[in-house]
Amino acid sequence: MIGLISATAAGAAARDRLAAAWPDRTRVYDGPVADAVRRAFAECEQLVCFLATGAVVRIVAPLLADKASDPGVVCVDEAGRYSVSLAGGHGGGANALAREVGEVLGAEPVVTTATDAVDLPGLDTLGLPVEGDVAGVSRALLDGEPVALRAEVAWPLPPLPVAAEGAYTIRVTDRLVEAAEREVVLRPPSLVVGVGASSGVPAEEVLELVGSALREAGLSARSLAELTTVDAKAEEPGVVEAARRLGVPLVTYPAGELSGVEVPNPSDAPLAAVGTPSVAEASALLRGGELLVPKRKSRRADGTPAMATCAVVRRPGRGRLAVVGLGPGARDLLTPRAREELRRAAVLVGLDQYVDQIRDLLRPGTRVLESGLGAEEERARTAVAEARKGQAVALIGSGDAGVYAMASPALAEASDDIDVIGVPGVTAALAAAAILGAPLGHDHVSISLSDLHTPWEVIERRVRAAAEADIVVTFYNPRSRGRDWQLPKALAILAEHRAPGTPVGVVRNASRPDESSRLTTLGALDPATVDMMTVVTVGNTATRDIAGRMVTPRGYRWQTAQEGAE
């Protein structure tokens, strides 16, 4: 919950705007300001104070205990010009909150945390448990001193300016080790513990078994990702409570799936009880990985039979491939999600001219793999190969990466051994349509006229089908120096079913500084004025030129009414 505190009418107005925008996330604290801040500090995870920073400093200073547990505190000035991250920038999330508040209120976020100021990812913001000399290693990164990365477990990290050797170290491991001097240990969630249990098993027995199994194998409980078991134990109270106290999800699988997993220690007991010869080992191994601790039983002080079994598996770090659409070119049409993925990627793969568009958004240390036109399949293979190494990869394309761009070749290359995230972008067809008016108000189709990958016979069949179905058509890749006859042919096919006066919109370099557009007709369009940077949108029989704008009504009743009036 975010506590909101204000002292003046202007502050209350801004406070109420934020409360209206985030009704489920915020709580307004009234009364004397100092008391309100203290109550919010005690009860909320974060605070937004519409007060002077000095006043807030004096109130919260005696309350601060530890940056890992204190609430994040953001101050907004009386005029609403600045959103200042005052305390708890990383641990309390104040830096991110300051940016969010800025977006809602139109305020400039002010973040003074050193790593954020120079666009380095904070070691305590990576979403992984962190131990050791965070301040010292972070300072070394900021000062440009060599910091070595020792990744004992491959895990997709954001870009970090690391070296092969250095006086400081970032160690990525699930081993039960103490951080050395000048070292930070990051704990990836790489361990899975499978649990088998008898009905009525106490949570303490499960917890003791899991804890001892990890300790004796030299593994850190902070790298535990999940507990797994059979569906029949999904509501076993002792198992459910153990997962809750460990702070990990309980994942269950059908007995039929578990029975197909080859394990070193099958048993008749679980086969008779729940229908699979293995629960602990099979559930931990079902999604792959290395069996570190074979099935072991709990030990009961009174000598009665064990009620729990467990096995520990290390799953390999899954690489992360984000397929990012950059939009049509204008920076303000690049989505916030796309920006975040670009900042998260340790490896960027893309066409050289698209890389140039967003190079300034990349974090220091991002490895850029760029190539020229015609290397689409090579880029897709490269991106997938980098992700399979456990890297966080962004593969970029213009418009929406899933529309005549990089998503399809990348996903055709990828298998289920990596995580794939699609980030939508504003397509060229949508950008052009917004400039023209509303040409896509009813059914529409996009067709590429490039026959480099698709035989012309197939393209022609699709154009003819769209013509006969009276669908608005947007042509991508309409004409190039080596392909100058396809567009005239496609227009001729449409002309068999549409009048010469049918509106046609022509947009070149949509949303870019040299953007141009014009509205013409099917009979008047000169294909020689079109090139590869152009999108051509041909209306259907209902499309009209209204006040110089291309409009396709949402239904044909409108068209009938118009004709009746005429």
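## Thoughts on the packing of helix 1 (residues 9–21) against helix 4 (residues 94–105)
And then number 1: The interhelical angle for the contact between helix 1 and helix 4, taken along N-to-C directions, is 100°, at an axis separation of 10 Å. The angle between helix 1 and helix 4 places the two elements in the roughly perpendicular class. On helix 4, the residues that touch Ala 14, Arg 17, Leu 18 and Ala 21 of helix 1 are Val 101, Val 104 and Leu 105.
And then number 2: Residues of the contact of helix 1 with helix 4, tallied by class, amount to six nonpolar, no polar and one charged.

## Some words on unusual backbone geometry
And then number 1: One non-glycine residue with positive phi stands out, namely Asn 509, at about 50°.
And then number 2: Inspection of the secondary structure puts Asn 509 in the loop between strand 24 (503–508) and strand 25 (516–521).
And then number 3: One non-glycine residue with positive phi stands out, namely Ala 547, at about 55°.
And then number 4: Structurally, Ala 547 is set in the loop between strand 27 (544–546) and strand 28 (549–551).
And then number 5: On the basis of relative accessible area, Ala 547 is assigned to the exposed category, the value being 68%.

## A look at the nonpolar core
And then number 1: Ranked by internal contacts, the top residues of the largest apolar core, which has 23 residues, are Val 193, Val 195, Val 201, Val 206, Leu 214, Leu 227 and Val 312.
And then number 2: Among the secondary structure elements, those contributing two or more residues to this core are strand 11 (191–197), helix 7 (203–216), strand 12 (224–230), helix 8 (237–246) and strand 15 (308–314).
And then number 3: If you look at the next biggest cluster of nonpolar residues, it comprises 21 residues, including Trp 456, Val 473, Leu 494 and Val 506.

## As for the packing of helix 17 (residues 456–468) against helix 18 (residues 486–495)
And then number 1: Contact geometry of helix 17 with helix 18 gives a least axis separation of 9 Å together with a crossing angle of 30°. Between helix 17 and helix 18, the angle falls in the class roughly parallel. The two elements helix 17 and helix 18 meet at a crossing, and its hand is right-handed. Residues Trp 456, Glu 460, Val 463, Arg 464 and Ala 467 of helix 17 lie in contact with helix 18, whose contacting residues are Gln 486, Lys 489, Ala 490, Ile 493 and Leu 494.
And then number 2: Residues that form the contact of helix 17 with helix 18 fall into these classes: six nonpolar, one polar and three charged.

## Here we look at the sheet that holds strand 28
In any sheet, the strands associate via hydrogen bonds between backbone groups, in a parallel or an antiparallel arrangement.
And then number 1: In space, the three strands of this open sheet follow the order 21-28-27, with mixed pairing throughout. At either margin of the open sheet sits one strand with a lone partner, and together these are strand 21 (437–438) and strand 27.
And then number 2: Bridge analysis of strand 21 against strand 28 gives two bridges, and the strand direction is parallel. Across the sheet, the residue bridging to Gly 437 is Met 550, located in strand 28.

## Examining the pattern of salt bridges
And then number 1: In the structure shown here, the tally under the stated rule is 33 salt bridges.
And then number 2: Of the charged contacts in the structure, one is a salt bridge between Arg 150 and Glu 152, with a shortest N-O distance of 3.7 Å.
And then number 3: Residue Glu 152 is classed as partly exposed on the basis of its relative accessible area, which comes to 38%.
And then number 4: Between Glu 204 and Arg 245 there is a salt bridge; the shortest N-O distance is 3.3 Å. Separated by 41 residues along the polypeptide, Glu 204 in helix 7 and Arg 245 in helix 8 bring together distant segments of the chain.

## Quick look at helix 17
And then number 1: End to end, helix 17 covers 18 Å across 13 residues, agreeing with the expected 18 Å (1.5 Å per residue, within 8%).
And then number 2: Its buried side turned inward, helix 17 meets strand 22 (444–448), strand 23 (472–476) and helix 18.
And then number 3: Positioned one or two residues after helix 17, Asp 470 has a phi angle of 60°, which is positive.

## A look at the sheet that holds strand 17 (residues 347–351)
And then number 1: The strand order 18-17-19-16-20 describes an open sheet built from five strands, whose pairing is parallel. A strand with exactly one partner marks an edge of an open sheet, and here the two such strands are strand 18 (367–371) and strand 20 (419–423). Taken pair by pair, the neighbouring strands of this sheet meet at an average axis angle of 15°, ignoring direction.
And then number 2: Pairing analysis gives three bridges linking strand 17 to strand 19 (residues 392–397), with the strands arranged parallel. By the bridge assignment for strand 19, Val 347 is matched with Val 393.
And then number 3: Strands in contact with helix 12 (residues 336–344) are strand 16 (320–325), strand 17, strand 19 and strand 20; relative to strand 16, the strand with the most contacts, it is inclined by about 140°.

Reading the values: the criteria
Residues numbered from 1 in each chain as written. Predicted model: local features only at pLDDT ≥ 70, side-chain atom pairs only at ≥ 80, totals over all residues. Heavy atoms only, no water. Axes fitted to C-alpha atoms, helices over the stretch in contact; angles between N-to-C directions. Helix = DSSP H or I, 4+ residues; strand = E, 2+ residues; numbered from the N terminus. Parallel < 35°, antiparallel > 145°, perpendicular 65-115°, else oblique. Contact = heavy atoms within 4.5 Å. Nonpolar A, V, L, I, M, F, W, Y, C, P; charged D, E, K, R; others polar. Buried < 20%, exposed > 50% of the residue type's maximum accessible area, 1.4 Å probe, protein only. Core = buried A, V, L, I, M, F, W, Y, C linked by side-chain atoms within 4.5 Å. Left-handed = near helix turned anticlockwise from the far one by under 90°. Pairing = 2+ DSSP bridges. Salt bridge = Lys/Arg side-chain N within 4 Å of Asp/Glu carboxyl O. Expected span 1.5 Å × (residues − 1).

Functional significance is not addressed by these values, which are geometric in nature.
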